Amino acid sequence: MTQVQHQLEKVTILFAGDSGDGIQLTGTQFTTNTALFGNDLSTFPDFPAEIRAPLGTVAGVSGFQINFGAVDVYTPGDLCDVLVVMNVAALKKNLTRLKERGTIIVNTAGFDKRNLRLAGVEEGQNPLLNNSLEGYKVHEFDITKLTRESLKDSSLGTKDRDRCKNMFVLGFVYWMYNRKIDSSISFLKTKFSSKPEVLNANIAVLKAGYHFADTCETFSNRFEVKPTKMPSGSYRNIIGNQATALGLIAAAHKSKLDLFYSGYPITPASDILHELAKHKNFGVKTFQAEDEIAAICSAIGASFGGDLPVTASSGPGIALKGEALGLAMMLELPLVIVNVQRGGPSTGLPTKTEQADLLQAVYGRNGEAPIPVIAASSPSDCFTMAYEACRIAIEHMTPVFLLSDGYIANGAEPWRYPTSDTLKPINVTFAKERLDTASAYLPYKRDEKLVREWALPGTKGVEHRLGGLEKDKETGNVSYDPDNHQFMVKVRAEKIAKIADYIPEQHFDTGSVHSKMLILGWGSTYGSIKTVVRDLATEGIDVAHAHLKYIQPMPKNLGDLLAGFDKILIPEINNGQLITLIRDQYLVDAQPLNKIKGVPFESREIKEAILNMLKQ
Amino acid sequence: MAEAKHIQEEGQKLKAKNFESDQDIRWCPGCGDYSILKQVQGIMPELGIPKEDIVFISGIGCSSRFPYYMNTFGMHSIHGRATAVASGLKASRPDLSVWLVTGDGDALSIGGNHLIHLLRRNFNLNILLFNNQIYGLTKGQYSPTSELGKKTKSTPMGSIDHPFNPLALCMGAEATFIARGIDREPKHMRTILMRAEQHKGTSLVEIYQNCNIFNDGAFGGFTDKQMKKENSLYLEHGKPLVFGVKEDKGIVLDGFNPRIVDLTSGEYTPEDLWVHDEKCRNKANILTRFFDDPSLSESLPRPFGIFYQEDRFQYEEALYEQLNFMKEQKGTPDLDKLLAGSNSWEVK
């Protein structure tokens, strides 16, 4: 190793190529390696909705962005330092996301005549030849050819050999950042344990990429991003949907209930089902229902039976579940509904992110049907909030909405995971057997929290009938009495409002009541806002950041907290939904910042809005 | 919890009355539902299942008010979805005796999708499909089982919807128990209901039920004293298919084609007839096609009784087998190990 080690504080790399190029695998492997190395990180996978979008076209480009650092990292980064492109379409799509004087690593095989035509690049306009990349550091290699050469002796066919080229890239980048390749070798050994030829080829190409970087003398130095100084504890890398699944299992385990998870395949929620299906030894019952309605209705049935019921979907699926949500609310049975939001409306942008289902969660039912709504703010926070959703559902006998979105559901970050004994206990109480049946059982009698009993079939003496018709306030029998209906509507609303007594008060994530203004966020905008607010602090501008995780009901002190500011900015990946709720409930003149492009905020966008507001 | 605890304690023999709830019944006077309710309440003590282990689940419609009148656990869910609710309940609690009450609109129109999927999964529960060939609760629109040309409020010129043949549909959906009863034959209904509960898997019992307000006499051909014996064929396992006022007609099977024969001419004896075999899927398929309009001459009689019964694994059985297998493979679940995953590191 003769090269100079060059220390960097933070790096953003964007891997991009055809959706069949193995970009997502390259990205996740680099992520695992980075996490184990001890860097803080944040990732952003970005892929087309089609499984094999037309080869070589801009529409078919798949990307994976990772931001990692020796310092705290909260977002996948705005512009990248390094852009790895497997073909011309990937370059065309992503060049605007590269910093000035950034580095481009090019697979020249993806810039041939055919690829230029497929990417819609006019003849004679090959960006590698027309000086349009001047100002960038461009490193060109025929990665396809190098991969084939390193597999001369392999018995694999050309197609299978070419598939290994993502490993060449991975090896190359590992070398650039002074990493060891062991984590990927052990990954490959598990993945291809039954296909030794494929395994050997992948390892050979990974090593070839690594050694090629070392010997090709392209780089005079290697880069190193020192491990981040993180609070002491045990860490792992976690993806949002995986964290949601673990949160649900943890809640079932702590409450000693079986988890019943029912879902219908939908992007980007399906990975929760996939993850849960792996953990049947925890008594996790997964049910792939025939449709979204059956998914929620079977969960309601399982709740009546005494399981911890969960269903997850994304916007269109949640719309289908609407009627059953009202039923669950009327029955006052526990139920967790996870909405991994995606771009809407209608089918919208399935693989892109958005926060536009908040009002659907809060209001999207017929009649007066309040349901608690909480939201996760980062991949690892999905664990905490999934656990909270279960706790609230069980302890308050109500359906609970957990909002996540495509960005944090597919994004990854290091997670200081808790030990099971530190998790909040979840109190489950079932109705007890009644041997004296002289008096009628009252299934809708409420305790001080206004919560009714969970009376399971199989329990003697508590036989009762539930249903979606309005019911008498105590017996639960069908009631058309006008006063009873008004009472029941009010009491159901009050029951949900009372949950505010059992959730944490709102705190400032950054800043204080003395800060110049407040940024109020919710959900996946956490990282972008936090990054901006921290940057501003280093410039001497004191801006407060509060991030709302409990949206219905809102924390008890939120009104007072908001009242302390003249200027409040609410950035959202929608056309202004939280701001509607905030203005409605607190009559404050908050200002919106809306981005509806299917992608997260870039820090500079939020920064600009803050600076503009401070000027006013 | 997987094993049923279907045994009542000694000396606690329940009566039909114990299964009546304290709610006033609100079906129209003369509705066929009363007869069905009475038979269901009547067989409950015979089943030997503790009252608290029985659950009635329904959707929406006249029939779906049923759970309110049973002093068991019950849920009046939403339109068409009782099938899905019951599936989840059975997956969580295989120990319960679950009864699903639905109608032709609830099960075959808005809930058609869930019905076919429940049947193929074969959860161990009983479906009572009250078929009155009309929407009653919404005051008289044609239903998916209404005959072609039916004049109702929504079809003043007559329905142009070809109707479903519910039992043929259920056979197509891989049902493992298919039967038909009628509100006016309570004793026969009782036998079917008992068999339905005994069947391990989803039992689908279609019950012809007269709506005396909006579709009175829809099944007159099978209830009228004069006509019913000519138009109905009562199935008994192992017995030849005989019908008619004087039991003077029989069915023979020519290849795939059923044919009515005269037992009085001397040409045919009962030995020549099709013998009913509940286990034969092919014959059951043909039997479900006995669906002629009884007012037409030469029409095949409408079968009542158990068409088909098959032993097939139940969804919840397989579900718990997988859970138990994984528990054995992986041992006692360790949450801390799960949270740590396979690639964790320590920061000091």
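Residues numbered from 1 in each chain as written. Chains lettered and ligands numbered in written order. Predicted model: local features only at pLDDT ≥ 70, side-chain atom pairs only at ≥ 80, totals over all residues.

**What about the overall build of chain B?**
Argument step 1. Scanning chain B from N- to C-terminus turns up eleven helices and twelve strands.
Argument step 2. Dimensions along the principal axes, computed over C-alpha positions, put chain B at roughly 95 × 50 × 45 Å.
Argument step 3. In chain B, the share of contacts with a sequence separation of at least 24, taken over all contacts with a separation of at least 6, comes to 67%. (Helix = DSSP H or I, 4+ residues; strand = E, 2+ residues; numbered from the N terminus. Contact = placed C-beta atoms within 7 Å.)

**Here we look at the overall build of chain A**
Argument step 1. When helices and strands are tallied, chain A shows 21 helices and 22 strands.
Argument step 2. Computed over its C-alpha atoms, the radius of gyration of chain A comes to 27 Å, within 12% of the 25 Å expected for a compact globule of 616 residues.
Argument step 3. Referenced to the eigenvectors of the C-alpha coordinate spread, the extents of chain A come out at roughly 90 × 60 × 50 Å.
Argument step 4. In chain A, which comprises 616 residues, the proportion classed as buried is 53%. (Rg over C-alpha atoms; globule rule 2.2 N^0.38 Å. Buried ≥ 20, exposed ≤ 12 C-beta atoms within 10 Å, placed from the backbone.)

**A word on helix α4 (residues 143-150) of chain A**
Residues and elements named next belong to chain A.
Argument step 1. What α4 keeps buried is the set I143, L146, T147 and S150. Angularly, the buried residues of α4 cover 100 degrees about the axis, an arc narrow enough to put them on a single face.
Argument step 2. On its buried face, α4 is in contact with β6 (98-107), β7 (137-141), α5 (158-162), α6 (165-176) and α8 (196-215). (Arc of directions from axis to C-beta.)

**A closer look at the environment of D381(A)**
All names here are of chain A.
Argument step 1. Note on placement: D381 falls in helix α15 (residues 381-395).
Argument step 2. Take D381: there are 25 C-beta atoms within 10 Å of it, and that puts it in the buried class.
Argument step 3. For the pair D381 and G110, spaced 271 residues apart in sequence, the C-alpha to C-alpha distance is 39 Å.

**Describing unusual backbone geometry**
Argument step 1. Cis geometry is adopted by the peptide bond preceding P345(A), which originates at G344(A) and carries an omega value of -5 degrees.
Argument step 2. Examined against the element boundaries, P345(A) turns out to sit in the loop between β13 (335-341) and α14 (358-363).
Argument step 3. In this model, Q552(A) is joined to P553(A) through a cis peptide bond whose omega is -5 degrees.
Argument step 4. Structurally, the position occupied by P553(A) is in the loop between β20 (550-552) and α19 (558-563).
Argument step 5. The backbone of N122(B) sits at a positive phi, close to 65 degrees, despite the residue not being glycine.
Argument step 6. Its location among the elements puts N122(B) in the loop between α4 (112-121) and β4 (126-131).

**Re the sheet that holds strand β19 (residues 544-548) of chain A**
Residue and element names in this part refer to chain A.
Argument step 1. What the four strands build is an open sheet, ordered β19-β18-β21-β22; its pairing is parallel. Among the strands making up the open sheet, the edge pair consists of β19 and β22 (591-594). Adjacent strand axes in the sheet meet at a mean angle of 25 degrees, parallel and antiparallel pairs treated alike.
Argument step 2. Sheet analysis places strand β18 (residues 518-522) next to β19, joined by five bridges and oriented parallel. Each residue of the ladder has a partner; that of L518, found in β19, is A544.
Argument step 3. Sitting on the sheet, helix α21 (residues 603-615) touches β18, β21 (568-572) and β22, and the angle it makes with β21 is about 160 degrees. (Pairing = 2+ DSSP bridges. Axes fitted to C-alpha atoms, helices over the stretch in contact; angles between N-to-C directions.)

**What about the interface of chain B and chain A?**
Argument step 1. In this complex, chain B contributes 50 residues to the contact, which on the side of chain A involves 59 residues.
Argument step 2. Listed by contribution, the elements that provide at least two residues to the side of chain B that touches chain A are β2 (73-76), α2 (82-92), α4, α10 (315-330), α11 (335-340) and β12 (344-347) of chain B.
Argument step 3. Among the elements that make up the side of chain B that touches chain A, the one with the highest residue count is α2(B) (eight residues).
Argument step 4. One ladder, built from four bridges, connects strand β9 (residues 233-239) of chain A with β12(B); its direction is antiparallel. Bridged to G233(A) within β12(B) is V347(B).

**A few points about the pairing of strand β6 (residues 203-208) of chain B**
Residue and element names in this part refer to chain B.
Argument step 1. Counting buried positions along β6 gives six out of six residues, so the element sits mostly inside the fold.
Argument step 2. Burial along β6 is two-sided: S203, V205 and I207 and L204, E206 and Y208, pointing in opposite directions, are all buried.
Argument step 3. By the bridge criterion, six bridges tie β4 to β6 in an arrangement that is parallel. Looking across to β6, one finds that N126 is bridged to S203.
Argument step 4. Tracing the backbone out of strand β5 (residues 177-182), into helix α6 (residues 186-198) and back to the parallel element β6 gives a crossover that is right-handed. (Right-handed = clockwise from strand over helix to strand, strands pointing away.)

**Topic: the domain arrangement of chain A**
Argument step 1. We note that the domain assignment places domain 1 (4-225), domain 2 (236-420), domain 3 (429-503) and domain 4 (518-615) within chain A.
Argument step 2. Put simply, the middle of domain 1 of chain A and the middle of domain 3 of chain A, counted by C-alpha atoms, are 59 Å apart. (Domains from an automatic or database assignment.)

**Some points on the confidence of the model for chain B**
Argument step 1. Overall, the predicted model of chain B reaches an average pLDDT of 95, with 97% of residues at or above 70.
Argument step 2. What the predictor reports for the complex is a pTM of 0.94 with an ipTM of 0.96. (pLDDT = per-residue confidence, 0-100.)

**As for the nonpolar core**
Argument step 1. L248(A), I300(A), C390(A), L402(A) and I178(B) are the most contacted members of the largest nonpolar core, which has 182 residues in total.
Argument step 2. The leading source of residues in this core is α15(A), at ten residues.
Argument step 3. Discounting residues that sit within four places of it in the chain, C390(A) has contacts with L248(A), A251(A), L308(A), V336(A) and I426(A). (Core = buried A, V, L, I, M, F, W, Y, C linked by C-beta atoms within 7 Å.)

**Focus on the environment of D46(A)**
Argument step 1. Relative to the helices and strands, D46(A) resides in strand β3 (residues 40-46).
Argument step 2. C-alpha separation for the pair D46(A) and L83(A), spaced 37 residues apart in sequence, amounts to 14 Å.

**Side note on the environment of P127(A)**
Argument step 1. Within the secondary structure, P127(A) is located in the loop between α3 (113-118) and β7.
Argument step 2. The exposure class assigned to P127(A) is buried, which follows from the 20 C-beta atoms found within 10 Å.

**A short note on the pairing of β9(A)**
Residues and elements named next belong to chain A.
Argument step 1. Most of β9 is tucked away, with five of its seven residues classed as buried.
Argument step 2. In terms of strand pairing, β9 meets strand β16 (residues 412-416) through five bridges, oriented antiparallel. Within β16, the residue paired with R236 across the bridge is W415.

**What about the packing of helix α1 (residues 23-37) of chain A against α6(A)?**
When two helices pack together, their arrangement is given by the angle between the helix axes and the distance between those axes.
Residue and element names in this part refer to chain A.
Argument step 1. Where α1 meets α6, the closest approach of the two axes is 9 Å, and the angle between their N-to-C directions is 30 degrees. Judged by the angle between their axes, α1 and α6 are roughly parallel. For the pair α1 and α6, the crossing hand works out as right-handed. Counted together, I23, L25, T26, Q29, F30 and N33 of α1 and N166, V169, L170, V173 and Y174 of α6 form the full contact between these two elements. (Parallel < 35°, antiparallel > 145°, perpendicular 65-115°, else oblique. Left-handed = near helix turned anticlockwise from the far one by under 90°.)

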